[in-house]
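# Structural overview for review
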There are 2 protein chains.
Amino acid sequence: MAQYVVARNIYSEDKFNEEHEKIYRQRKTIINHVTDYFRCNRRRVRSAALSLLPVISWLKIYRVKEWLLSDIVSGVSTGLVAVLQGLAYCLLASLPPWYGLFSAFFPVIIYFFLGTSRHISVGPFPVLCLMIGSVVTRIVPDEGPPMNITGFEGLSRDDQRVLVASSLTFLTGIMQLAMGVFQVGFVVLYLSDTLVSGFTTAAAVHILVSQLKFVLGLTVPGLSGPLSLVYTLEIIFTRIGSTNVCDVVISLVIIVLVFVVKELNDRYKSKLPVPIPIEVIMTVIACGVSYAFDFTTKYGIEVVGVIPKGYESPMAPNIEIFQETAMEAFPMAIVGFAVAFSVAKVYSVKHDYTIDGNQELIAFGVSNVFGASFKAFAASTALSRSAVQESTGGKTQVAGLLSALIVMVVTLAIGFLLEPLPKSVLGAVVIVNLKGMLMQFREVPYLWRRDKPDCVVWIGTCLASILLGLDLGLAVGLGIELVSVVLRAQFPRCSVLANIKGTDLYKDRKDYLDVFEPEGVKMFRIPSPLFFANIDFFRNKLVEALGFNPLRVLRKRNKALRRIRRLLKRGELHCTPKGYLNTSCEPFKDLEDEDSAEDLDLPTDLKDLPIRVDWSAELPAHISVPRVDLHSLVLDFAAVSFLDISALKGLKTTLKELIRIEVEVYIVACDPYILEKLHSCCFFDDEVTPSIFFLTLHDAMLHVLERHPEAAHSKTHVNKIVTTVTVHHTNNSVRSRDRNGVETHF
Amino acid sequence: MAQYVVARNIYSEDKFNEEHEKIYRQRKTIINHVTDYFRCNRRRVRSAALSLLPVISWLKIYRVKEWLLSDIVSGVSTGLVAVLQGLAYCLLASLPPWYGLFSAFFPVIIYFFLGTSRHISVGPFPVLCLMIGSVVTRIVPDEGPPMNITGFEGLSRDDQRVLVASSLTFLTGIMQLAMGVFQVGFVVLYLSDTLVSGFTTAAAVHILVSQLKFVLGLTVPGLSGPLSLVYTLEIIFTRIGSTNVCDVVISLVIIVLVFVVKELNDRYKSKLPVPIPIEVIMTVIACGVSYAFDFTTKYGIEVVGVIPKGYESPMAPNIEIFQETAMEAFPMAIVGFAVAFSVAKVYSVKHDYTIDGNQELIAFGVSNVFGASFKAFAASTALSRSAVQESTGGKTQVAGLLSALIVMVVTLAIGFLLEPLPKSVLGAVVIVNLKGMLMQFREVPYLWRRDKPDCVVWIGTCLASILLGLDLGLAVGLGIELVSVVLRAQFPRCSVLANIKGTDLYKDRKDYLDVFEPEGVKMFRIPSPLFFANIDFFRNKLVEALGFNPLRVLRKRNKALRRIRRLLKRGELHCTPKGYLNTSCEPFKDLEDEDSAEDLDLPTDLKDLPIRVDWSAELPAHISVPRVDLHSLVLDFAAVSFLDISALKGLKTTLKELIRIEVEVYIVACDPYILEKLHSCCFFDDEVTPSIFFLTLHDAMLHVLERHPEAAHSKTHVNKIVTTVTVHHTNNSVRSRDRNGVETHF
């Protein structure tokens, strides 16, 4: 078996730096970073221009022969799905259906030029549609007058709603654009997978409930705000008697068929050249049947109705609506981008190309601003549609462009064919597509077993989003998530370490039997960063491990000194070569409250006393001071990855208290950056010096044993550690020994 | 100089656990904790009862002779200040002044029995008063009708306001009580010193602005909500022409005099038996002068006015107001408690007794519920008043009780004496007392130099609280603070380590010259916990340090294998003892898109090939695969204090990718709890095994050198580390080629 043999000097940080010169590396200051960032040369301008128009780079390498055909197949399939989803998701936004076609057209055109992902299908995203819907019904409710906004005069209710939706989209786009320009795309990092999963699951529940009215053929006013889901369910249950049976039957048939075929698509993915476009087929059939049997008049079924041909003239957003909806636009900007980015990332890893978060923000920002001007509503990507685009062989956004063309054809020419389509069919299609999002509920038991805090984040986000609404829910979820990070570090499992006999290793002394703890030495490990939320906890744990409160000991000692001085002055105490001798017999009266308490926290001042006071011996005049059996404390800082100002202050106070009662404190394995920070924050003074830092626990321990040889001899089984210290001066060269099998346990 | 000499086995975690038996320690499950918590025996009941009524413990040890006199002196001084502050802070709450006297009486009585702090003076706290004021003016505005609440019928405006204030206080009390009962007092840990400092500074600015109208003698309606401070200032400036000069003169005189005398009090603290009660003196003088010269009618000065004698009958809170004010009551509950607790903690450390956070919550909760029933408003503690109580010698809450008696005397008997007191005097007294809070601005440059994130928290909290109002501002500040914790760990400074020659120490290779890096080995240090926000960052840094993307290499290798197989099948490739030989000359066509991409991420499967493919040699048929010069990667986990699920998944993916391209990965210095968690989370499988864990960097390095002896020989200066390994028997299956000069580091 191989051996670990080392012979070198004992290193404190100071000594190590003496022997091994550290290379001085110039750090970049903030100003350096800024000037670097704004430095301008031809290459940078060129690459900046290219990165602003990613289309240039990928069109240049477009392989027409290999890619074009698959792009066309993919574009057509995606386009059909996009038409259907455009209409369906419009119901979520409480807008007339054809505006969904605009949303599946305008943003895609812009994304073609500005986007860096080659596989996502840009367009309506159900969660965003629902968030728009909740704003729309808040400002222009189904029942009652709309909010008092000047731009609403002379508009029909639907037009008012379109104005609200497009203004909101415009604002969302501006926010995304701003985030992209200021390069703060990294904020999506805070939306962890767990949070997004909980949030989208809640969104799926909202979507499900919002589609119930179409599936059941009921008239239910759109509600918004906290608990709107509960109120909506309440209304649905009170009106359940007027369910349209025909709607329910159609929906159930569609749901079952689509579900089964989708499962088959999934199972025989490798064998099918293109997944069966079951939704499109069902829609066509439903349209035909509904038209042939005149469902509207015969069964009172609500259909899509008139779809005007062509596009509408552009429209300026309304500033008043900006003010009303700013609080909702921000979460929409974040959610829309975060979902699109995470889908794009999955495909970029799969197909091995890079996407640029900030450029994506710019792309979506411009897409939304542009789309909103043409009455489209907020675009992101739908998971299911992107999956269609990628799985049918889409290679680049050329497929996206083609899907937009299909949508355009529907808008300009054949939209009227969709007019007899029952809304319940659209509702059913939306519900079937929720499967993936609702299946995320299965994560809960998995998370609970693996990691409780993550599970709490999931459940908290989901519940808050269901009950409070998606925007507030997201904020609450984010809060829970941030608290969970702090909580993980807030109650660290501090431990007292001991040497594993015969090695340079130190482990929790409760975990192993053959450990060695030199007398009067404590080794204390802090297993987490130190900051405002756990510095008090750390101090309490340390006091617990020490067995005494250093501040209290210090005060008692200072009080004792005061009394000794007073006794000396009064002549009731004399110093003999053996120590102090008390000549008065009466016990010393308690004078606690006579003096100011502040002095008690200062270092013990022994200067003016004739002889030294030995705190561990009996004190004269019945003065008693708690005995401290500790001469050295070693703090293991290996896992302390950062310190904030509160921790720094708390740590310094603790160190001072210990040093003032003559306990030597050593800090080992401290991160070089933390050490640097301590220097720059004036952590060190006369009492707390940089010489307390050692490289490893064992270095510090050997140093302690050198200063206090009695510590090692006071227990049995100490020879092993003692032999490793040779206390005489050697030159700095390093000796290496070759030793065979000193310990063989096999 | 002392030497560090160690000779032991090389330890992986597995081997160490084999040799040193770990003691099995039963962990407490959540159920254990809960049953422990609810276990009931006589002693626990007794101590619980005692801790619910702390008055019992401290009254038993009350030293009448020594403490009573100082308590009386302190109680009288505090009582006088409490009367004045009660009246003054009432102006902040927009209530008739005498209700402040109730607030300085009822809560104190309850706190006497339930509180654990012996030195704080319970009663009105300006920040809370201001928060109440903002709710009061929102629900019952100065101009316009009050909110539509049934309980308001038949009440005067002042009575409506008192109802709002007391209902709000009641709700605050219930929240505090609930937090105390559920033992969640630890939440105040999240309010770091920095946050509280920024928040109270903002509160001081609010208070200053709110008092300007009294000092200037203007009529300004109380505003609430975001930006109300700006609007208030705007109104004041537009009305500045109608300033009452007499008010301004009185205020300035009071401000200057009180300020100077307070400074003198501070300077000669040690020489004065009791600080000069300058505020009380000035108030008495102002009352006299105002009465004598009839300020009200002569100069149009607003005075306190009629103070009804005696207490008012108790009143039930209003449920509708609860619903309206729940969002404001919560921050009030937190702020009121947090401030009182932090002041109490300072005194408890100074005077060496313990306070109990949860009991304090209960005490304040009951105080507020009780007080609210008698029309007092929310109580906490004012810093200045507590300082008076402590500095005049208060030893226990007996002083508090006496101060309440003084307040009672004023309420019942001599309140009418205060009727001619000008409100501008009260405003001036409030402003002078802001000095301490406003001085906190000085912390900003200090924080900026020491710790930028802390500074951002301070400024963010302060600005948000000034602009958005105190409740929203506190929430924003809390958010910034939590983000700051995450940010500290989000962009860790990862580094590549190298051996310091002749030692077992490893340091950043850029920092030292005399370092040794064995060829084909990378040591990578992660200096922070790993979690959702930084796992991608860590992966990018790792790929950067490695110089290649393991996933890309794996895919290229799998593609190459596919081609080799296809060539073999077609007979265009033959295997010879020296390797593969290509018999066809034409270069192999790119078939990239023909196969499913998923297989490419699986481990390379070499089973069915006739001879082994040597990735580092030239491949046949012009197939090129990136060369990997690395055979081992050592990850230093010493500073990884926690891992969440996202990090766990990301880490596992990375490890798998590396293992699949035949890079051996080792993790060293992993926290035992993290290792335990990895086991319980099914982190390990056939590819990622627990045997990759080693105790220290040097152990892993020696293990690597044992498996790859050539790594150590490929550079000069290697003898020192190599001699420390004695290889008894090795069975390394994976070997990498010996190459020269691949890496130059300096």
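Residues numbered from 1 in each chain as written. Chains lettered and ligands numbered in written order. Predicted model: local features only at pLDDT ≥ 70, side-chain atom pairs only at ≥ 80, totals over all residues. Heavy atoms only, no water.

## Digging into the overall build of chain A
Tallying secondary structure elements over chain A gives 30 helices and 12 strands in all. Relative to its length of 746 residues, chain A is extended, with a C-alpha radius of gyration of 37 Å against a globular reference of 27 Å. Per-residue burial over chain A gives 55% buried out of 746 residues. In chain A, of all internal contacts separated by at least 6 residues, the share reaching a separation of at least 24 is 80%. About 33,200 Å² of surface is accessible on chain A, with carbon and sulfur atoms providing 62% of the total. Between the averaged position of the 74 positive side-chain charges in chain A and that of its 73 negative side-chain charges there is a distance of 4 Å. (Helix = DSSP H or I, 4+ residues; strand = E, 2+ residues; numbered from the N terminus. Rg over C-alpha atoms; globule rule 2.2 N^0.38 Å. Buried < 20%, exposed > 50% of the residue type's maximum accessible area, 1.4 Å probe, protein only. Contact = heavy atoms within 4.5 Å. Areas by Shrake-Rupley, 256 points an atom, 1.4 Å probe, with all protein chains shown as cover. Lys, Arg positive; Asp, Glu negative; His and termini not counted. Charge placed at Lys NZ, Arg CZ, Asp CG, Glu CD.)

## As for a nonpolar patch on the surface
Residue and element names in this part refer to chain A. Nonpolar side chains collect at one region of the surface, where Leu223, Leu227, Val230, Tyr231, Ile459, Leu463, Leu467, Leu468, Leu472 and Val476 lie side by side and expose about 750 Å² of accessible area between them. Counting residues per element, the ones that place at least two in the nonpolar patch are helix 11 (228-238), helix 22 (452-468) and helix 23 (470-490). Per-element accounting of the nonpolar patch gives the leading share, four residues, to helix 22. Within the fold, Tyr231 resides in helix 11. (Patch = residues over 30% accessible without salt bridge, like charges linked within 9 Å, V, L, I, M, F, W, Y side chains within 5 Å. Salt bridge = Lys/Arg side-chain N within 4 Å of Asp/Glu carboxyl O.)

## Structural notes on the pairing of strand 10 (residues 632-636) of chain A
Residues and elements named next belong to chain A. Of all five residues that make up strand 10, five are buried, and the element is covered over most of its length. Burial along strand 10 is two-sided: the residues Ser632, Val634 and Asp636 and Leu633 and Leu635 are all buried. One ladder, built from five bridges, connects strand 7 (residues 521-525) with strand 10; its direction is parallel. Its bridge partner being in strand 10, Lys522 is matched across the sheet by Leu633. Of the pairings in the sheet, the one linking strand 10 to strand 11 (residues 664-668) comprises five bridges and is parallel in character. The partner of Leu633 across the bridge, within strand 11, is Val665. (Pairing = 2+ DSSP bridges.)

## Remarks on the environment of Phe637 of chain A
Residues and elements named next belong to chain A. Considering the arrangement of structural elements, one finds Phe637 in the loop between strand 10 and helix 26 (645-660). Between the C-alpha atom of Phe637 and that of Pro527, which follows or precedes it by 110 residues, the distance is 7.8 Å. Excluding its chain neighbours within four sequence positions, the residues that come into contact with Phe637 are Ile526, Leu530, Leu651, Ile667, Val668, Ala669 and Cys670.

## Quick notes on the interface of chain A and chain B
Size of an interface, as often reported, equals the accessible area lost when the parts are brought together. Tallying the contact residues gives 115 residues for chain A and 104 residues for chain B. With both chains or domains summed, chain A and chain B bury close to 10,300 Å², and 56% of this area falls on carbon and sulfur atoms. The largest share of the area that chain A buries against chain B comes from Tyr4, Arg8 and Phe532 of chain A, three residues that together contribute 8% of it. Taken together, chain A and chain B are joined by 10 salt bridges. Summed over the shared surface of chain A and chain B, the result is 32 residue pairs in polar contact (both at pLDDT 80 or more). Looking at the side of chain A that touches chain B element by element, the count peaks at 10 residues for helix 23 of chain A. Considered class by class, the residues forming the side of chain A that touches chain B number 47 nonpolar, 25 polar and 43 charged. (Buried area = accessible area lost by both parts, 1.4 Å probe. Polar contact = N/O pair within 3.5 Å; in protein donor to acceptor, adjacent residues only side chain to side chain. Nonpolar A, V, L, I, M, F, W, Y, C, P; charged D, E, K, R; others polar.)

## Here we look at unusual backbone geometry
Residue and element names in this part refer to chain A. Phi at Ser94 takes a positive value of approximately 60°, unusual for a residue other than glycine. Within the secondary structure, Ser94 sits in the loop between helix 5 (64-92) and helix 6 (99-103). Even without a glycine there, the phi angle at Leu227 is positive, about 65°. Tracing the backbone through its elements, the reader meets Leu227 in the loop between helix 10 (193-216) and helix 11.

## A few points about the relation of the copies chain A and chain B
For the pair chain A and chain B, the relating rotation is 180°, the translation along its axis is 0.1 Å, and the fit reaches an RMSD of 0.2 Å. Such a combination of turn and shift is consistent with a two-fold rotation axis. No C-alpha of chain A approaches the rotation axis more nearly than that of Ala639 of chain A, which lies at 1.9 Å. Take the interface residues of chain A: 87% of them recur as interface residues in chain B, which is what a same-surface contact looks like. (Least-squares fit on C-alpha atoms with pLDDT ≥ 70 in both.)

## So, the packing of helix 15 (residues 319-351) of chain B against helix 17 (residues 383-391) of chain B
All names here are of chain B. Where helix 15 contacts helix 17, the two axes come as close as 11 Å, and the packing angle between them is 20°. Taken together, helix 15 and helix 17 sit at an angle that is classed as roughly parallel. Seen along the crossing, helix 15 lies across helix 17 with a hand that is right-handed. Of the residues in helix 17, those touching helix 15 at Val343, Tyr347, Lys350 and His351 are Leu383, Ser386, Ala387 and Glu390. For the contact of helix 15 with helix 17, the residue count by class is four nonpolar, two polar and two charged. (Axes fitted to C-alpha atoms, helices over the stretch in contact; angles between N-to-C directions. Parallel < 35°, antiparallel > 145°, perpendicular 65-115°, else oblique. Left-handed = near helix turned anticlockwise from the far one by under 90°.)

## Thoughts on the packing of aromatic side chains
Residues and elements named next belong to chain A. Following the criterion strictly, the structure yields 56 aromatic pairs over all chains and no others. Measuring from centroid to centroid gives 5.4 Å for Tyr666 and Phe694, while their planes differ by 85°, and the two rings are edge-to-face. Residue Tyr666 is found in strand 11, and its partner Phe694 is found in strand 12 (residues 693-694); the two are separated by 28 residues along the sequence. Taking relative accessible area as the criterion, Phe694 reaches 3% and is therefore assigned buried. A connected cluster of aromatic rings, assembled from ring pairs, spans Trp98, Tyr99, Phe102, Phe105, Phe106, Tyr311, Phe370 and Phe374. A cation over a ring is seen here: Arg118 above Tyr353, with NZ or CZ 4.6 Å from the ring centre. (Phe/Tyr/Trp six-rings, centres within 6.5 Å; stacked < 30°, edge-to-face > 60°. Lys NZ or Arg CZ within 6 Å of the ring centre and 35° of its normal.)

## What about the side chain of Thr194 of chain A?
Residue and element names in this part refer to chain A. Structurally, Thr194 is set in helix 10. Overall, the relative accessible area of 4% leaves Thr194 in the buried class. The residues touching Thr194, leaving out its near neighbours within four places in the chain, are Leu447, Asp454, Val457 and Trp458.

## Thoughts on the environment of Ile692 of chain B
Residues and elements named next belong to chain B. Position of Ile692 relative to the elements: it lies in the loop between helix 27 (672-680) and strand 12 (693-694). The buried category is assigned to Ile692, whose relative accessible area is 8%. Sequence separation between Ile692 and Asp14 is 678 residues; the distance between their C-alpha atoms is 8.9 Å. Residues within four places of Ile692 in sequence aside, it is in contact with Leu655, Val665, Tyr666 and Ile667.

## Quick notes on the pattern of salt bridges
Residue and element names in this part refer to chain A. As enumerated under the stated definition, the model contains 52 salt bridges over all chains in all. Arg8 is the salt-bridge partner of Asp699, the closest N and O atoms lying 2.9 Å from each other. With Asp699 in helix 28 (residues 697-707) and Arg8 in strand 1 (residues 3-9), the pair connects residues that are 691 residues apart, well separated along the chain. Overall, the relative accessible area of 0% leaves Arg8 in the buried class. Three or more residues are tied together by salt bridges with common partners; here these are Lys652, Lys656, Arg660, Asp685 and Glu687.

## Describing the packing of helix 15 of chain B against helix 16 (residues 357-373) of chain B
Residue and element names in this part refer to chain B. The interhelical angle for the contact between helix 15 and helix 16, taken along N-to-C directions, is 125°, at an axis separation of 10 Å. On the basis of the axis angle, helix 15 is oblique to helix 16. Between helix 15 and helix 16 lies a crossing of right-handed hand. Counting all contacts with helix 15, which are made through Phe337, Ala340 and Phe341, the residues of helix 16 involved are Gly357, Glu360, Leu361 and Phe364.

## Observations concerning helix 11 of chain A
All names here are of chain A. Taken together, the buried positions of helix 11 are occupied by Ser228, Leu229, Thr232, Ile235 and Ile236. Viewed end-on, helix 11 has its buried residues packed into an arc of 125°, placing them on one side of the element. Exposed positions of helix 11 whose direction lies more than 90 degrees from the buried face are Phe237 and Thr238. Of the surrounding secondary structure, the elements contacted by the buried residues of helix 11 are helix 10 and helix 22. (Arc of directions from axis to C-beta.)

## Let's talk about the environment of Phe537 of chain A
Mapped onto the elements of the fold, Phe537 of chain A is located in helix 24 (residues 535-546). Among residues more than four places away in sequence, those in contact with Phe537 of chain A are Gln490, Phe491 and Pro492 of chain A.

## Regarding the nonpolar core
Grouped together as the largest cluster of nonpolar side chains are 111 residues, with contacts concentrated most on Ile120, Val127 and Ile132 of chain B. Per-element accounting of this core gives the leading share, 15 residues, to helix 15 of chain B. Grouped together as the second largest cluster of nonpolar side chains are 110 residues, Leu114, Ile207, Val407 and Leu434 of chain A included. (Core = buried A, V, L, I, M, F, W, Y, C linked by side-chain atoms within 4.5 Å.)

## Some details on the side chain of Thr283 of chain B
Relative to the elements of secondary structure, Thr283 of chain B occurs in helix 13 (residues 278-293). Residue classification places Thr283 of chain B among the buried residues on the basis of a relative accessible area of 5%.

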